[in-house]
Amino acid sequence: MKHLPIFLDIQNKSCLVVGGGEVAARKVALLHQAGGQVTVVAPEICEAISRIASEGNVEQLHEPFSNSHVDGRVAVIAATSDQEVNTRVAMAARRLNIPCNVVDRPDIGNFTMPSIINRDPVIIAISTGGSSPVLARLLRSRLETLIPAAYGRLASLIVRYRNEVKQQFGSTAQRRRFWERTLQGPVAEIFFSGREKEAAEALKEAISDTDSQDLQRGEVYLVGAGPGDPDLLTFRAMRLIQQADVVLYDRLVSKEVLALTRRDSEKIYVGKEKSNHAIPQQEINTKLVELAREGKRVLRLKGGDPFIFGRGGEEIDQLSGELVPFQVVPGITAAAGCAAYSGIPLTHRDYAQSCVFVTGHLKDGSIDLNWELLTQPDQTVVVYMGLTGIETLCRQLIHHGTSESMPAALVQQGTTPHQRVITGTVKTLPEIVKQERVKPPTLIIIGEVVTLREKLSWFNPDIGSSDQP
Ligand code: SAH
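Treat the numbers as computed from the prediction; the structure is a model and nothing was measured.

So, the site of the ligand
Thinking step 1. Looking at the ligand, there are 18 residues lining it, with D305, I308, T333, G414 and T442 nearest.
Thinking step 2. Measuring from a nitrogen atom of the ligand, one finds a backbone N or O atom of G414 at 2.8 Å.
Thinking step 3. For the ligand, whose unbound accessible area comes to 550 Å², protein coverage reaches 93%.
Thinking step 4. Mapped by element, the contributors of at least two residues to the shell around the ligand are helix 13 (334–342) and strand 17 (442–446).
Thinking step 5. Per-class residue counts for the shell around the ligand are 11 nonpolar, six polar and one charged.
Thinking step 6. Taken domain by domain, the makeup of the shell around the ligand includes at least three residues from each of domain 3 (219–332) and domain 4 (335–467).

Right, here's the structure in full:
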């Protein structure tokens with residue numbers, strides 16, 4: 001190990017930054033954030049530094065660097081573009097044994113600045129020993145996605161209850177086990193989902209109840225898996241996917257998303273294919289309750305968004321009734337995903353001021369939509385599950401006043417490498433579906449906005465995309 005990682009207390013201590021540009025500004029900001037008294041020395045000092053200085057604790061000296069500037073500092077950073085000045089700063093600091101960082105020159109200074117993930121008071125610092133700041137930044141962005149924003153505040157919660165836990169659990173091993181279970185269980189999840197008071201209550205309960213049932217308490221995460229591309233998952237979805245013990249998923253959840261689940265998690269297919277449910281909805285609802293009661297962290301993964309034609313509401317209705325804790329994580333719904341990846345904005349100042357989402361499939365297999373509403377001008381209509389009823393759909397739209405030449409698009413397997421987009425008109429759509437053997441999942445977009453695709457299409461995977469007159 002080339003360096004010793006340490007965290008330096010610079011609260012109200014005197015630090016020096018030599019340099020007045022943007023790079024220096026970033027260092028000033030960091031020292032200032034860590035509570036240091038910062039002196040900036042440079043003939044010219046940029047606006048960004050003056051802005052930080054206006055908050056106090058930053059002194060600006062508009063003059064060239066001289067050796068005496070390093071006197072009495074606890075840390076020095078050289079951030080000028082002139083290597084000769086930087087070297088002089090480093091030498092002056094070294095003579096007085098003051099730690100010195102020279103930006104981008106770990107060979108001249110004697111400490112480097114890590115890439116940091118800030119969840120104050122939790123700070124994660126990454127160093128590559130100065131060999132590759134880019135690598136450190138890449139690693140940092142990966143960790144950023146894994147560590148919930150509220151992690152730091154969770155640390156404050158722990159501090160509040162540390163003494164109580166100490167009294168309750170005699171040995172270090174017991175305490176460690178308690179915290180490990182608590183911080184990976186419902187208390188932390190309740191906390192991360194923003195219910196901090198409830199989390200504190202749950203923590204208190206867990207402390208007082210030593211053979212705590214509560215720690216065994218399972219929970220359900222109803223998570224939107226998006227339309228297919230795993231990059232479209234939210235950070236929270238990603239985290240819950242990686243910690244669940246059991247996963248219930250349906251047909252629309254892509255293989256790539258499923259591959260992100262824990263390898264040892266139990267996976268249960270509850271596939272849905274229109275009315276052909278692999279497991280009836282009621283059974284799914286009951287299964288969720290049962291699994292959570294066994295103390296498991298249950299992930300219910302749904303294609304797109306769970307609350308848009310996803311029956312997510314029904315599933316959590318039962319959970320709520322049976323007092324099983326749950327949380328809902330939104331996903332990118334097919335309309336948003338398919339629109340973006342096919343280059344068809346759903347609204348546009350010139351073409352559509354509103355957009356409606358409808359399902360082309362109703363409980364008893366018929367389509368009974370509000371045709372008056374769907375044929376309003378300057379509106380985009382997005383139809384989910386519309387393939388089977390496409391003939392009726394198009395016929396009714398035309399019958400109620402939509403022009404036969406109204407542009408329309410079919411987006412099959414949107415956002416995936418198999419995405420296929422076919423455009424036509426409301427009149428030609430049913431024929432296209434037959435001829436091109438369009439298969440579910442396919443989203444139908446109807447409206448003038450479809451014409452924008454000609455210019456805005458950007459995602460064209462090799463597997464065919466065709467536009468028809
Ligand atoms: N909850 C989901 C919708 C479930 S209904 C969501 O928010 O997206 C299922 C319908 O969604 C499919 O019949 C299809 O119309 C649409 N759909 C879902 N994923 C799709 C995809 N990747 N490409 C095209 N359509 C999709």
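Back to the write-up after that little detour.
Overview of the nonpolar core
Grouped burial of nonpolar side chains is what soluble globular proteins tend to show.
Thinking step 1. Membership of the largest hydrophobic core comes to 24 residues, with the highest contact counts inside it found for L374, L393, L410, I444 and I446.
Thinking step 2. Contributing elements (two or more residues each) for this core: strand 13 (354–359), helix 14 (371–374), strand 14 (379–384), helix 15 (390–399), strand 15 (407–412), helix 16 (429–435) and strand 17.
Thinking step 3. Per element, the largest residue contribution to this core is four residues, and it comes from helix 15.
Thinking step 4. Beyond its immediate sequence surroundings of up to four residues, L410 is in contact with L387, I390, R420, V421, I422, L429, I432, V433, V438, T442, L443 and I444.

Details of the pattern of salt bridges
Thinking step 1. Counted under the stated rule, the structure contains 20 salt bridges.
Thinking step 2. E47 serves as the salt-bridge partner of R51, at 3.8 Å between the closest nitrogen and oxygen. Placement of both R51 and E47 in helix 2 (residues 47–53) is noted, with a separation of four residues, approximately one turn of the helix. Across this residue pair, the class does not change: R51 and E47 are exposed.
Thinking step 3. In this structure, E144 and R140 form a salt bridge, with 3.5 Å as the shortest nitrogen-oxygen distance. Of this pair, E144 and R140 both sit in helix 4 (residues 133–146), four residues apart, which is roughly one turn of that helix.
Thinking step 4. On the accessibility criterion, E144 (22% relative accessible area) is partly exposed.
Thinking step 5. Judged by relative accessible area, R140 falls into the partly exposed class, the value being 30%.
Thinking step 6. It is possible to trace a salt-bridge network through shared partners that takes in D245, R262, D264 and R297.

Examining helix 12 (residues 312–321)
Along an α-helix, residues three or four positions apart point the same way, because every turn accommodates 3.6 residues.
Thinking step 1. Within the span of helix 12, buried status applies to G312, E315, I316, Q318 and L319. The buried residues of helix 12 occupy an angular sector of 150° when the element is viewed end-on, so they sit on one face. Turned more than 90 degrees away from the buried face of helix 12 sit D317 and G321, all of them exposed.
Thinking step 2. Tucked into the core, helix 12 has its buried residues touching strand 8 (219–224), helix 11 (281–293), strand 11 (297–302) and strand 12 (326–329).
Thinking step 3. Phi turns positive one or two residues past the end of helix 12, at L323, with a value near 60°.

Here's the deal with unusual backbone geometry
Most peptide bonds take the trans form, and the phi angle of most residues other than glycine is negative.
Thinking step 1. Across the junction of D120 and P121, the peptide omega takes the value 5°, indicating a cis bond.
Thinking step 2. Here P121 is to be found in the loop between strand 6 (115–119) and strand 7 (122–126).
Thinking step 3. For D104, which is not glycine, the phi dihedral falls at a positive 65°.
Thinking step 4. Tracing the backbone shows D104 in the loop between strand 5 (100–102) and strand 6.
Thinking step 5. Residue D104 is classed as exposed on the basis of its relative accessible area, which comes to 67%.
Thinking step 6. Of note, the phi angle at R437 is positive, near 45°, even though the residue is not glycine.

Some points on the pairing of strand 8
Thinking step 1. In terms of burial, strand 8 is a largely internal element, six of the six residues being buried.
Thinking step 2. Neither face of strand 8 is exposed, since E219, Y221 and V223 on one face and V220, L222 and G224 on the opposite face are all buried.
Thinking step 3. As paired elements, strand 8 and strand 11 share six bridges and run parallel to each other. Across the sheet, V223 pairs through a bridge with L301, a residue of strand 11.
Thinking step 4. Taken together, the four bridges between strand 8 and strand 12 define a ladder with parallel strand orientation. What sits directly across from Y221, in strand 12, is Q327.

Considerations on the side chain of S254
Thinking step 1. By the element assignment, S254 lies in the loop between strand 9 (246–249) and helix 10 (255–258).
Thinking step 2. Judged by its relative accessible area of 13%, S254 falls in the buried class.
Thinking step 3. Reaching out from S254, the side chain makes a polar contact with the backbone oxygen of G228 at a distance of 2.8 Å.

Thoughts on helix 8 (residues 196–208)
Thinking step 1. The end-to-end C-alpha distance of helix 8, which contains 13 residues, comes to 19 Å, matching closely the 18 Å that a straight helix rising 1.5 Å per residue would cover.
Thinking step 2. What helix 8 keeps buried is the set A199, A200, A202, L203, A206 and I207. Buried positions in helix 8, seen along its axis, are confined to an arc of 165° and lie on one side of it. The outward face of helix 8, more than 90 degrees from its buried face, is lined by the exposed residues K197 and S208.
Thinking step 3. Looking at the packing, one finds that the buried side of helix 8 touches helix 5 (151–168), helix 6 (172–183) and helix 7 (186–192).

A few points about the sheet that holds strand 11
Thinking step 1. Pairing is parallel across the open sheet formed by five strands, whose spatial order is 10-9-11-8-12. Looking along the sheet, the strands with just one partner apiece sit at the ends: strand 10 (266–269) and strand 12. Each strand of the sheet is rotated relative to its neighbour by a mean of 15°, with strand direction disregarded.

Definitions and limits used
- Residues numbered from 1 in each chain as written.
- Predicted model: local features only at pLDDT ≥ 70, side-chain atom pairs only at ≥ 80, totals over all residues.
- Heavy atoms only, no water.
- Near = heavy atom within 4 Å.
- Polar contact = N/O pair within 3.5 Å; in protein donor to acceptor, adjacent residues only side chain to side chain.
- Areas by Shrake-Rupley, 256 points an atom, 1.4 Å probe, with all protein chains shown as cover.
- Helix = DSSP H or I, 4+ residues; strand = E, 2+ residues; numbered from the N terminus.
- Nonpolar A, V, L, I, M, F, W, Y, C, P; charged D, E, K, R; others polar.
- Domains from an automatic or database assignment.
- Core = buried A, V, L, I, M, F, W, Y, C linked by side-chain atoms within 4.5 Å.
- Buried < 20%, exposed > 50% of the residue type's maximum accessible area, 1.4 Å probe, protein only.
- Contact = heavy atoms within 4.5 Å.
- Salt bridge = Lys/Arg side-chain N within 4 Å of Asp/Glu carboxyl O.
- Arc of directions from axis to C-beta.
- Pairing = 2+ DSSP bridges.
- Expected span 1.5 Å × (residues − 1).
- Axes fitted to C-alpha atoms, helices over the stretch in contact; angles between N-to-C directions.

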